[in-house]
Amino acid sequence: GAETWKRVAYTRRAQGKAADAEQAFLRAFDAAERSGEDRLRFQVAGELVEAVGHAERRFAEGRRWAAQAEAIAARVGNIPDADRAELAMNRGLLAQAEGKLDEAERELRDAVELRRRVLPADAPFLPLTIGDLAGVLTDEGKYEEAGRLFRDERRGLERFVGPGHPWLLNNEANTAVTEYWL
């Protein structure tokens, strides 16, 4: 069913197979549509914002998926904040890729706030989202706040992963770039 296709899509994305991930997300969306699983349709539409709009740089298509997710939310009404945070993050990453930095900052701040409210303190998605926001702030030239947020991201990530993990290495590189500009 739809949940299985969504898991396949996550696996394909992790393997670096963007086209396969997109196809699996589309199958998940169709299966969720057929079975009336509106929350799952919302989740998958949000994932397609990232998979198509951000990762594949098909911006207009990513925006259409964001609009689709919002239409589902408006009709259904009861979308959990954790799911809304994921959509806000993906919209923020899409806006960043488009060079719409004010919009990206707003969306990522919303995602961080929602995740702080609903996720446990030890959830890895919060520091990763903080790092995404810090990246946008760096792009905007807001280096002091970006540096502080990259340090927050690192402290959060160190609870989950060990030295040499790609997330920490990425954080170190981002922090170094930000500190260079201070």
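Residues numbered from 1 in each chain as written. Predicted model: local features only at pLDDT ≥ 70, side-chain atom pairs only at ≥ 80, totals over all residues. Heavy atoms only, no water.

Considerations on the environment of asparagine 174
Looking at where asparagine 174 falls in the secondary structure, it is placed in helix α9 (residues 166-181). A residue is classified by how much of its surface remains accessible, and asparagine 174, at 27% relative accessible area, is partly exposed. Along the chain, asparagine 174 and glycine 131 lie 43 residues apart, while their C-alpha atoms are 8.8 Å from each other. (Helix = DSSP H or I, 4+ residues; strand = E, 2+ residues; numbered from the N terminus. Buried < 20%, exposed > 50% of the residue type's maximum accessible area, 1.4 Å probe, protein only.)

What about the nonpolar core?
Ranked by internal contacts, the top residues of the largest apolar core, which has 24 residues, are Phe25, Phe29, Phe42, Val44, Leu48, Val49 and Trp65. Taken together, the elements giving at least two residues each to this core come down to α1 (2-14), α2 (18-35), α3 (38-54), α4 (59-76) and α5 (81-98). The element that contributes the greatest number of residues to this core is α3, accounting for eight residues. Non-local contacts of phenylalanine 29, meaning those with residues more than four positions away in its chain, are made with Arg41, Val44, Ala45, Trp65, Gln68 and Ile72. (Core = buried A, V, L, I, M, F, W, Y, C linked by side-chain atoms within 4.5 Å. Contact = heavy atoms within 4.5 Å.)

Brief notes about the packing of α1 against α2
How two helices pack is summed up by the angle between their axes together with the distance between the axes. As a packed pair, α1 and α2 sit with axes 8 Å apart at the nearest point and diverge in direction by 165°. By the angle class used here, α1 and α2 are roughly antiparallel. Between α1 and α2 lies a crossing of left-handed hand. Across the interface between the two elements, Ala2, Trp5, Lys6, Val8, Ala9, Tyr10, Arg12 and Arg13 from α1 touch Asp20, Ala21, Ala24, Phe25, Arg27, Ala28, Ala31 and Ala32 from α2. Among the residues making up the contact of α1 with α2, the classes are represented as 11 nonpolar, no polar and five charged. (Axes fitted to C-alpha atoms, helices over the stretch in contact; angles between N-to-C directions. Parallel < 35°, antiparallel > 145°, perpendicular 65-115°, else oblique. Left-handed = near helix turned anticlockwise from the far one by under 90°. Nonpolar A, V, L, I, M, F, W, Y, C, P; charged D, E, K, R; others polar.)

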